[in-house]
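# Commentary on secondary and tertiary structure
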Amino acid sequence: MKRWTLRSVLAVLAGLLGYVLLSLLLSAIPTGVLNEKTPRMKTIYVHSNGVHVDVILPRAEVPEDLWQQLSPGPNTSFMAFGWGDKGFYLDTPTWAELKASTAIKAMLLRSPTAMHITDYERERTDWTSVHIREEQLFHLLKYIRSSFAAGAAGEVIEIPDAGYTDRDRFYEARGHYSMIMTCNTWVNRAFRRVGIRTAVWTPMDSGILRHLEH
């Protein structure tokens, strides 16, 4: 019994070590190098709270039908989009309220997801700007829209009374959260698909930000 327990513990530790090493390796490899001869006329932003990355779009770049469905406040000039574990989002308004059971479930089990929308009245100095082409923005918006779960008429589905403040909201999302597909992997996959410089794969915010800063 003791041998079995020891082997199990060592297997878990080896798995975690392998996960960390793979994350560091693939996060360091860039992809999506842009064609510098093509003008990049559009500007979007990313922001990390130290763990989680949001994609932020100016009001003018969000299609009107989607903008109206997401019910922004009257003075909203920018809208942030995030994807992540539904239980983690709804049960953890602040890091101080994080429970071990919530973190373990999010990392070890395939769990339901939600889209988090946050309104901003003005640009913030801690955002990272990303200059992209018109067609890249088109495909990025397509990716974001496809991440929302849809109702019978194709509408987004708001999760009632789930926001942290009066300027953010949660919506049902498609896909499952796991160690392989994290909130930051969602952003990284979006950028990789549309040709924005990012990592081959990363579960961490640093794997995205380091390539945008070059």
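Provided above is the structure to which this section pertains.
Predicted model only: the values in this text are computed from it and were never measured.

## Remarks on the pattern of salt bridges
A pair can form between side chains of opposite charge whenever their charged atoms are brought close. All chains considered together, the criterion is met by nine salt bridges. A salt bridge links Glu64 to Arg59, with the shortest nitrogen-to-oxygen separation between them at 2.7 Å. For Glu64, a relative accessible area of 42% corresponds to the partly exposed category. Within the structure, one salt-bridge network assembled from shared partners comprises Lys42, Glu61 and Glu134.

## Here's the deal with the sheet that holds strand S5 (residues 111-120)
Pairing is antiparallel in the open sheet, where six strands are placed in the order S6-S2-S3-S4-S5-S7. The sheet terminates laterally at strand S6 (128-132) and strand S7 (168-177), the two strands that pair on one side only. Pairs of neighbouring strands in the sheet enclose a mean axial angle of 30°, with direction left out of account. One ladder, built from five bridges, connects strand S2 (residues 42-48) with S6; its direction is antiparallel. When the sheet's bridge partners are listed, Thr43 is paired in S6 with His131. Where helix H5 (residues 134-146) meets the sheet, its contacts fall on S2, strand S3 (53-58), strand S4 (78-85), S5, S6 and S7, and the angle it forms with S3 comes to roughly 120°.

## Side note on the nonpolar core
In summary, soluble globular proteins display a tendency toward joint burial of nonpolar side chains. Formed by 37 residues in total, the largest nonpolar core has its most connected members in Leu57, Phe81, Trp186 and Phe191. Residue contributions to this core peak at six residues, all from helix H6 (residues 183-194). Not counting residues within four places of it along the chain, the set of residues in contact with Leu57 comprises Ile44, Val62, Ser77, Phe78, Met79, Phe81, Leu137, Leu140, Leu141 and Ile144. One finds Phe78, Ala80, Tyr120 and Trp127 within the second-largest nonpolar core, a separate group that totals six residues.

What counts, and where the lines are drawn
- Residues numbered from 1 in each chain as written.
- Predicted model: local features only at pLDDT ≥ 70, side-chain atom pairs only at ≥ 80, totals over all residues.
- Heavy atoms only, no water.
- Salt bridge = Lys/Arg side-chain N within 4 Å of Asp/Glu carboxyl O.
- Buried < 20%, exposed > 50% of the residue type's maximum accessible area, 1.4 Å probe, protein only.
- Pairing = 2+ DSSP bridges.
- Helix = DSSP H or I, 4+ residues; strand = E, 2+ residues; numbered from the N terminus.
- Axes fitted to C-alpha atoms, helices over the stretch in contact; angles between N-to-C directions.
- Contact = heavy atoms within 4.5 Å.
- Core = buried A, V, L, I, M, F, W, Y, C linked by side-chain atoms within 4.5 Å.

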